[in-house]
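Given next are the chains, with one letter for each unit.
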Amino acid sequence: MKPLKLEMQAFSTYLERTVVDFERLNQAGLYLISGDTGAGKTTLFDAICFALYGEASGSNRSSDVFRSEYAPNDIPTIVELTFMVGGHDYFVHREMAYYSSGKPKPSNDYLMVEDKLTKGKKEVTHAIKELLGVDATQFKQIVMLAQGEFSRLLYASSNDRVKIFRNIFHTKNLQELEDKLKNKDRELEGAVSKKKTELDTLLASLSFNTQEAYNSESLTLIKEHLDKMLDELSKQGEQREKQAISYKEKQDHYFSLKQDNERIDQLEKLKKEQAELLEHQQDIISKSTTISHINKALEILPMEKECQSLSDNVEKLSIEEKMLKATKAQLNEDEKQYQTRLIMQDELKKQSEQLHDTLIQAKRAMNMLEALKESQDAILLHTKSIKQLEEDYQVLEEDIAQKEKRIARDNKSVAELPDFIVALHQNEEQVNQYNDRKNKIHELADLFDHYNNKVENYYEAHQLYLKTLTSYSELEAYLNKQYALRMQANYGVIAASLKEGEPCPVCGAIHHPHLAKRVDDVLSDEKLAALEKKVTSSKRDVDLKFDEANEKKNAILLTKQEIKRLKDELKIAEELDKDVFIRLLSDITQKKDEAGKSYQESYTHIEYLKKLSSSVAMSQKVLDSSKAKLLAMEKKILSLKSAIEVAKTSIATIKQQYPDIESYSKEHLITLEADYAQIQQDIKAITTMGEKLKRDQAIYETKQQTNSINLKAAKEKYDIKKQAFDQSLNERFDSYENYQISKNQQNLLEKMKQEVDDYHMHLKTIQKQLEDNEKLVKGKKKVDLSALEQELHEQELSNKDMDERYYALKNSYESANNIYKKMIKIEKDNARLLKDYQLYHNLMIATTGKNNANKISFERFVLASYFENIISFANIELSMLTSGRYEFKRRQEAKGNGGQGLDLEILDYESGTYRDVKSLSGGESFKASLALALGLSTMIQNYTGGIELNTLFIDEGFGTLDDESLSQAIDVLMKLRETDKVIGIISHVGELKNRIESGIIVRKGERGSQLTVTA
């Protein structure tokens, strides 16, 4: 990321819109920001950090203080930054606007690259974080080293460095993997435990269970009990079936007799209902006659309605004819008014032409008035520009004089370069000799340590060999004892079968005064074979341990010979120990440092002179550019003066052509335009009135003809339809009154028809039921069923008792069987879960570091590897800054401290000891922080393709350095210009101002700060 241009308005100490052109400073590679205390130097870094992340560059300041105290509410605070990443230019806009009351408006932040736009404060911050690969905190620690925070990366804890490096090296997925495996391990562990609890719960829910907890035999015991329950169910089912058949036969006989009794009762009821219906027969006949009359009325009802509709239409057309006569009278009156206004139209047209000419003349005069004012404004603007250019011309003239003086001074220094190169070669040879001796002393110390370790290892190996040998001897003695017992047992078996006078199969004797005793406590053939294998294996272990011990002994002899060789080469006669090595290293380090210091001084001065030579050439180019710029300013001033003369000539010409031009005004022009527009509108209104009158007359003629034709046709059609209706009425009714009575009863038609139909249907149904029942009960009589009902009731009670016992057993069986099936399924699921749990548990143990000696997680292990590379790059810079005295080392953590892995310490070659970074002095801390920041930046550039941080900002810190350290720091920073890295520094140190030509000078003002960029 490289800033290209920064623009600020109402931001902290900068009230006016201020532009910083970083492209010119980027070409220099190293630039200095200097100025009065409190003028706003650090504010430039605040603006960059605010543009990117919406917050300040230092952690002890918030973004609330960014509002300029000089700015009124109607001027918003704006910061705009153009920067380059990956060859693409990005533009970010941050804004804090306020209402007149002082209340903040919603943010108007956006990020733009090419044609893609991202809007919103949070959205822009997120996009910047994704683009740069670091958040604000990490950006400040890596790229922007602010006041009070320069050493935060140096002093960060192991956990803090993990957070910084995680985004840079994209290891968040490793952390997520650890978390996912932990969660999966807990999830599966809980699932396995849950399944075991479910099995215990289901087992306890079985009424016949006698086990306290589920085990491997539980399912077998449950299955056996279920089989017994199933046999009992089968027996009870057969008994229920027999009893049900007997009950069904009795029940069928009972319902047959009961049905006969009900049919006899139903027959009597139907006869009574038939008689009641016949009593209402006359009323039904009367309703049928009324229905017939209503139907006739409904047949001619549509004809009556049609006649009424035609009569209404005739009435409507008659009314329209009267309205058309009134319309004709109004049209005649409108015609008279139009003729009167037509005479006025000619006069209005004459007035319009006169006003049009006057309006054209006024517009020409107003254009000339505008030109006059533009020329006057141009004279004021050019006069102001000339004044500013003359001031800038004087400043540039002074700057050119200073640069010419500095170039002459630097050329004199460059002439000393050959003498320093000769001295450098002499110092280099001496340093190499000291380095060679120091390396050999280190080599001898390492060999001595290895020798002691090998002696200790040999002792341990020898002791292990003796222990293994003792174990083998004991096993071999036990095996021989078993062989003897086995032989004695065999003799005992033979002795048991011997008889006096018969020869022994072993020795041939026929007398057996001392028979061998039988031995029963003898190892079996299998155990004896196993013991033999164990002895053989133990013998191999003894041989192996002997070879290992002997190998370590030979290694001791070889190391001892190598130590003697190095001692002779280094001419060391005394016995070696730790104190001897410390003294030797201290002596050679002191000599090396003295020689190295001389070498470094010569090298530093040579590099300085080389860079100074390049800087002189660059400064000469800048000087030539400044002179060209000075010439261009002279031409610009002459051009502006010429433009002023042209403007004055234009003013004189206009006043000559229009002496009274200043009497014209916009108000007069507006009045003329309004009068002209009103006359045009009046003319148009008269024309529109005539057109409307013609349309209305045409519409009247059309309507009058159409209405006359329609009225005649409607009357004729009505007469025909009325005659047809009267004829149909006379054919069906005696009078119109009877027709009206029947018509008014039409709402009763459906009800009366339904009553007549229901009557006939009901009578027919009863007659059919009477015929059917008489056939079914013919020859039958009612029977008393109470005895049979009692017998059935007793049988029902018996069946119910049997069913209750049967279903209780069945429900118990089905419930237990369902539990049994669930337990089988849970057992299978549990086996699968247990297998998955073991797999994920092992993976979790591996990634969280619980299976390694240092208990360091996989992510920390990866980041530690990156950190080692960062330290390697940082040590290159630290060596140059400290003349080889200090070197960064990653601390090797104590066993079991899993929260570590990224801690840092310092190796001090002067004392030969390791030191905590917090023990460094202020100047040493600054150099270490600078080296670490540069190392991290180099590491990022070399190893991470997605993050481009080739800019470094440093805010103070150089005041803690002595002259030598300051010179070394400047040389390191100037060397970085060759790596396409840009470094900006805020400092009051005078030496920096003398060594760094390019920069920004910030000055205080009464209403905010102002700055000047020099490059």
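Looking at an unreviewed UniProt entry, one finds the chain named Nuclease SbcCD subunit C, with Sharpea azabuensis as its source organism. Taken directly from UniProt, the Subunit (unreviewed entry) text for the chain runs: "Heterodimer of SbcC and SbcD." Quoted straight from UniProt, the Sequence similarities (unreviewed entry) entry for the chain says "Belongs to the SMC family. SbcC subfamily."

Chemist: Is there a simple way to think about the overall build of the chain in this case?
Modeler: Helices and strands together make up the secondary structure of the chain, namely 20 helices and 15 strands. Its C-alpha atoms give the chain a radius of gyration of 59 Å, more than 25% over the compact-globule value 31 Å for 1015 residues. Along the three orthogonal principal directions, the C-alpha set of the chain runs to about 170 × 165 × 40 Å. Taking all 1015 residues of the chain together, the buried fraction comes to 38%. Taking contacts inside the chain between residues at least 6 apart in sequence as the whole, the part at least 24 apart equals 76%. Carbon together with sulfur atoms contributes 51% to the accessible area of the chain, which is approximately 60800 Å² in total. Once the 149 positive and 168 negative side-chain charges of the chain are each reduced to a mean point, those two points are 1 Å apart.

Chemist: I keep staring at the sheet that holds strand β2 (residues 18-21) and nothing clicks. Help me out?
Modeler: Strands belonging to one sheet form pairs held by backbone hydrogen bonds; the direction of such a pair is parallel or antiparallel. Across the sheet, six strands lie side by side as β2-β1-β4-β5-β6-β7; this open sheet has antiparallel pairing. The sheet is open, and its two borders are formed by β2 and β7 (116-119), each paired with just one other strand. The average angle at which neighbouring strand axes cross in this sheet is 10°, direction not considered. Note: strand β5 (residues 88-96) against strand β6 (residues 110-113), three bridges, orientation antiparallel. Across the sheet, the residue bridging to phenylalanine 91 is methionine 112, located in β6. With respect to the sheet, helix α2 (residues 41-53) is in contact with β1 (2-9), β2, β4 (77-85) and β5, its orientation differing from that of β4 by roughly 80°.

Chemist: Explain the UniProt feature "coiled-coil region" (unreviewed entry) in the chain here, please?
Modeler: Using the residue numbers shown here, the UniProt feature "coiled-coil region" (unreviewed entry) corresponds to residues 167-194, 257-284, 314-413, 549-576 and 749-805. The span residues 257-284 is 93% helix and 0% strand, and its two end C-alpha atoms sit 41 Å from each other. Between the first and last C-alpha atoms of residues 314-413 the distance is 125 Å; the span itself is 100% helix and 0% strand.

Chemist: What should I look at first to understand the packing of aromatic side chains in this one?
Modeler: Geometrically, a pair of aromatic rings is defined through the distance of the ring centres and the angle of the planes. A full pass over the atoms with the stated rule returns 10 aromatic pairs. Measuring from ring centre to ring centre gives 5.7 Å for phenylalanine 11 and phenylalanine 50, while their planes differ by 40°; the resulting arrangement is tilted. Here the residue phenylalanine 11 occupies a position in the loop between β1 and β2, and phenylalanine 50 occupies one in helix α2, the gap between them amounting to 39 residues. Comparing phenylalanine 11 with phenylalanine 50, the two get one shared label, buried.

Chemist: Help me understand the side chain of histidine 93 in this model?
Modeler: Relative to the helices and strands, histidine 93 resides in strand β5. Within the structure, histidine 93 has its side chain in polar contact with the side chain of glutamate 80 (distance 2.8 Å). If we ignore the near neighbours within four places in the chain, the residues touching histidine 93 are Ile78, Val79, Glu80, Asn108, Asp109 and Tyr110.

Chemist: What am I meant to see in helix α3 (residues 121-132) here?
Modeler: Every α-helix winds through 3.6 residues per turn, so residues three or four apart in the chain are directed the same way. For α3, with 12 residues, the first-to-last C-alpha span of 17 Å sits near the 16 Å given by 1.5 Å per residue. Just beyond α3, the residue with positive phi is glycine 133, at close to 85°.

Chemist: How do you make sense of the environment of leucine 770 when you look at a structure like this?
Modeler: You can see leucine 770 is positioned in helix α15 (residues 749-776). The class for leucine 770 is buried, based on a relative accessible area of 7%. Counting along the chain gives 45 residues from leucine 770 to phenylalanine 725, while the straight-line C-alpha distance between them is 52 Å. Once residues lying within four places of it in the same chain are set aside, the contact partners of leucine 770 are Leu267, Leu270, Lys271 and Gln274.

Chemist: Sorry if this is basic, but what is going on with the pattern of salt bridges here?
Modeler: Close approach of charged atoms lets side chains of opposite charge pair. Tallied over the entire structure, the rule returns 41 salt bridges. A salt bridge links arginine 832 to aspartate 836; the shortest N-O distance between them is 3.9 Å. With a gap of four residues between them, arginine 832 and aspartate 836 both fall in helix α16 (residues 786-847), about one helical turn apart. On the basis of relative accessibility, which here comes to 25%, the residue aspartate 836 falls in the partly exposed class. Residue lysine 889 is joined to glutamate 887 by a salt bridge in which the shortest nitrogen-to-oxygen separation is 3.2 Å.

Chemist: Would you mind showing me how to read the pairing of strand β9 (residues 886-890) here?
Modeler: Put simply, side chains in a regular strand alternate between the two faces of the sheet. The buried fraction of β9 is high, at four of five residues. Pairing geometry for β9 and strand β10 (residues 904-908), over five bridges, is antiparallel. Note that in β10 the partner of arginine 890 across the bridge is leucine 904.

Chemist: Help me out: how do you make sense of the sheet that holds β9 in this one?
Modeler: In spatial order, the strands read β9-β10-β11; together these three strands make up an open sheet with antiparallel pairing. Looking at which strands have only one partner, the edges of the open sheet turn out to be β9 and β11 (913-916). Averaged over all adjacent pairs, the angle separating strand axes in this sheet is 40°, with direction ignored. Of the strands in this sheet, β9 and β10 touch helix α17 (residues 858-881), which is tilted by about 180° from β9.

Chemist: Honestly, a negative patch on the surface in this entry has me stumped. Any pointers?
Modeler: Side chains of Glu601, Asp962, Asp963 and Glu964 sit close together on the surface and give a patch of like negative charge. If you trace the backbone, aspartate 963 turns up in helix α19 (residues 963-975).

Chemist: What is the right way to look at the pairing of β2 in this model?
Modeler: Only one face of β2 is buried, namely the one carrying Thr18 and Val20, since none of Val19 and Asp21 on the opposite face is buried. The sheet contact formed by β1 and β2 spans four bridges and is antiparallel. Counterpart to leucine 6 in the pairing with β2 is valine 20.

Thresholds, definitions, all that
- Residues numbered from 1 in each chain as written.
- Predicted model: local features only at pLDDT ≥ 70, side-chain atom pairs only at ≥ 80, totals over all residues.
- Heavy atoms only, no water.
- UniProt positions renumbered as here; feature names shortened; annotations may be inferred.
- Helix = DSSP H or I, 4+ residues; strand = E, 2+ residues; numbered from the N terminus.
- Rg over C-alpha atoms; globule rule 2.2 N^0.38 Å.
- Buried < 20%, exposed > 50% of the residue type's maximum accessible area, 1.4 Å probe, protein only.
- Contact = heavy atoms within 4.5 Å.
- Areas by Shrake-Rupley, 256 points an atom, 1.4 Å probe, with all protein chains shown as cover.
- Lys, Arg positive; Asp, Glu negative; His and termini not counted.
- Charge placed at Lys NZ, Arg CZ, Asp CG, Glu CD.
- Pairing = 2+ DSSP bridges.
- Axes fitted to C-alpha atoms, helices over the stretch in contact; angles between N-to-C directions.
- Phe/Tyr/Trp six-rings, centres within 6.5 Å; stacked < 30°, edge-to-face > 60°.
- Polar contact = N/O pair within 3.5 Å; in protein donor to acceptor, adjacent residues only side chain to side chain.
- Expected span 1.5 Å × (residues − 1).
- Salt bridge = Lys/Arg side-chain N within 4 Å of Asp/Glu carboxyl O.
- Patch = residues over 30% accessible without salt bridge, like charges linked within 9 Å, V, L, I, M, F, W, Y side chains within 5 Å.

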